[in-house]
Amino acid sequence: MIMFAGEQYTYFDDPAAVAVLRDSVERWVDTPFRPHCAVPGRFGGVDCVRLVGELMAECGVIPPVNPDELPHYDLDWSAHNDNSPLEEWIEEFLDRIGLEHERIDGPVSEGKPGDVLVFSPGRSVYHLGVLLERGAFVHVLRKGWVTIDDTTRGRFGRYYKYSLRAIGGYDQ
């Protein structure tokens, strides 16, 4: 763990990393929702899990995600189940690649750019996004497209559960 001026220095504390994140987000904005896909652009498609994975890989936080390694997830899983295969897979994946990270249980207002926002819109964790700055995050919803939204707006504030913050990249 790197310390900077008495505080923990995280991956996205580097302005260059935030610039790469913003460039990556621009490439994905307006991509329509398509389950289990990861092709940017208006003729492509992506879901929230793949969007977060692609953004983090493009920024060098994680290696490219092999779709065969993703858990099977049904789009309505959280409406009927208390456990989250997504949440279990995220923890297993981060441990497997050795990514130093921390779970932030505080309010989203304490987040930093690059934090992965975890939402529980049903009975279990089932939606992800990436914080760009205080109050703004990128995500994709079913019947929608990749968009930048307000973390405090309506349901997002209500369903926010916690954040995951990368301390270093996988190749460090």
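Data block above holds the structure.
Counting of residues starts from 1 at the beginning of each chain's written sequence and follows it residue by residue. Side-chain atom pairs in this predicted model are given and counted only at pLDDT of 80 or more, local residue features only at pLDDT of at least 70, and totals for whole chains, interfaces and linings cover all residues. Just so you know, side-chain values use all the structure's heavy atoms and leave hydrogens and water out.

Asker: So what exactly am I meant to see when it comes to the overall build of the protein chain here?
Answerer: Secondary structure counts use DSSP, requiring at least four H or I residues in a row for a helix and at least two E residues in a row for a strand, with both numbered from the N terminus. Counting its regular elements, the protein chain contains five helices and ten strands. Within the protein chain, the fraction of its 172 residues that count as buried is 48%. Contacts are residue-level and defined by heavy atoms, with any inter-residue pair within 4.5 Å sufficient. Once local pairs closer than 6 in sequence are excluded, the contacts in the protein chain between residues at least 24 apart make up 59%. Here the open area of atoms and residues is found with the Shrake-Rupley method and a 1.4 Å probe, where only the protein chains shown may cover a residue. Carbon and sulfur atoms make up 52% of the accessible area of the protein chain, which amounts to about 8,800 Å² in all. Per-residue accessibility, obtained with a 1.4 Å probe over protein chains only, is compared with the maximum for each type, and a residue is labelled buried under 20%, exposed over 50%, and partly exposed between these values.

Asker: So what exactly am I meant to see when it comes to the sheet that holds strand S6 (residues 116-119) here?
Answerer: Hydrogen bonds along the backbone pair up the strands of a sheet, which may run parallel or antiparallel. One bridge is not enough; two strands pair if DSSP finds at least two bridges between them. Spatially, S5-S10-S6-S7-S8-S9 is the arrangement adopted by the six strands of the open sheet, whose pairing is antiparallel. Only two strands of the sheet have a single partner each, and these edge strands are strand S5 (101-104) and strand S9 (147-150). Shown here is a sheet whose adjacent strand axes are inclined to one another by a mean of 35°, direction ignored. As judged from the four bridges shared by S6 and strand S7 (residues 127-133), these two strands associate in the antiparallel manner. By the bridge assignment, Phe 119 is partnered in S7 with His 127. Simply put, an axis is a line fit to the C-alpha atoms, just over the touching stretch for a helix, and the angle between two N-to-C directions goes from 0 to 180 degrees.

Asker: What is the right way to read the nonpolar core from this model?
Answerer: When a protein is soluble and globular, its nonpolar side chains tend to lie buried together. In plain words, nonpolar cores are sets of buried Ala, Val, Leu, Ile, Met, Phe, Trp, Tyr and Cys residues tied together by side-chain atoms within 4.5 Å. In this structure, Phe 12, Leu 21, Met 56 and Val 61 are the most contacted members of the largest nonpolar core, which totals 39 residues. When contributions to this core are tallied by element, the ones reaching two or more residues are helix H1 (15-28), helix H2 (48-58), helix H4 (85-97), S6, S7 and strand S10 (160-166). Residues within four places of Phe 12 in sequence aside, it is in contact with Ala 17, Val 18, Leu 21, Met 56, Cys 59, Val 61, Pro 113 and Gly 114. Of all hydrophobic cores here, the second largest spans seven residues; its members include Val 108, Phe 119, Leu 131 and Tyr 160.

Asker: Just to check I follow, could you spell out the environment of Gly 60 for this structure?
Answerer: You can see Gly 60 is positioned in the loop between H2 and helix H3 (77-80). The exposure class assigned to Gly 60 is buried, which follows from its relative accessible area of 18%. C-alpha of Gly 60 to C-alpha of Gly 168: the two residues are 108 residues apart in sequence and 9.4 Å apart in space.

Asker: Looking at this structure, I do not really get the pairing of S6. What am I missing?
Answerer: It is a general feature of regular strands that their side chains alternate between the two faces of the sheet. Every second residue of S6 is oriented toward a common face, with Val 116 and Val 118 on one face and Leu 117 and Phe 119 on the other, all of them buried. Bridging between S6 and S10 involves four bridges; their strand directions are antiparallel. For Val 118, the partnering residue across the bridge sits in S10 and is Tyr 162.

Asker: Help me out: how do you make sense of H1 in this one?
Answerer: For the α-helix, the turn length of 3.6 residues means that residues three or four positions removed from each other point alike. Every helix has an expected span of 1.5 Å times one less than the residues it contains. Counted at 1.5 Å a residue, the expected span for H1 with its 14 residues is 20 Å, and the 20 Å between its end C-alpha atoms agrees. Buried residues of H1: Ala 17, Val 18, Leu 21, Ser 24, Val 25 and Trp 28, and no others. The arc that holds the buried residues of H1, viewed along the axis, is 120°, so those residues lie on one side. The exposed set on the far side of H1, more than 90 degrees from its buried face, consists of Pro 15, Asp 23 and Glu 26. Where the residues of H1 are buried, they touch strand S3 (38-39), strand S4 (45-46), H2, S7, strand S8 (136-139) and S9. Pairing of N or O atoms within 3.5 Å defines a polar contact, subject to two protein rules: one partner must be a possible hydrogen donor and the other a possible acceptor, and residues neighboring in sequence count only if both atoms are side-chain atoms. Between the side-chain oxygen of the N-cap and the backbone nitrogen of Ala 16 there are 2.9 Å, and the N-cap of H1 in question is Asp 14. Residue Asp 30 follows H1 closely and has a positive phi angle near 80°. Of all possible arcs, the one meant is that of the directions from the helix axis to the C-beta atoms.

Asker: Any chance you could explain the packing of aromatic side chains here in plain terms?
Answerer: For any pair of aromatic rings, geometry is given as the distance between the ring centres together with the angle between the planes. Side-chain rings of Phe, Tyr and Trp, where Trp is taken by its six-membered ring, are said to pair if the distance between their centres is within 6.5 Å; with planes under 30 degrees apart they count as stacked, over 60 as edge-to-face, and otherwise as tilted. Per the counting criterion, the structure on display carries six aromatic pairs. With a centroid separation of 4.9 Å and 20° between ring planes, the pair formed by Trp 89 and Phe 93 is classed as stacked. Highlighted residues: Trp 89 and Phe 93, both in helix H4, separated by four residues, approximately one helical turn. A single burial state applies to Trp 89 and to Phe 93, both of which are buried. Feature note: the residues Phe 119, Phe 137, Phe 156 and Tyr 160 constitute an aromatic cluster, connected by ring pairs. The residue whose ring lies beneath Arg 103 is Tyr 162, and the NZ or CZ to ring-centre distance is 3.6 Å. Both a distance and an angle decide whether a charge sits over a ring: NZ of Lys or CZ of Arg must be within 6 Å of the ring centre and within 35 degrees of the ring normal. Across the ring face of Tyr 159, the terminal group of Arg 158 is positioned such that the distance to the ring centre comes to 5.3 Å.

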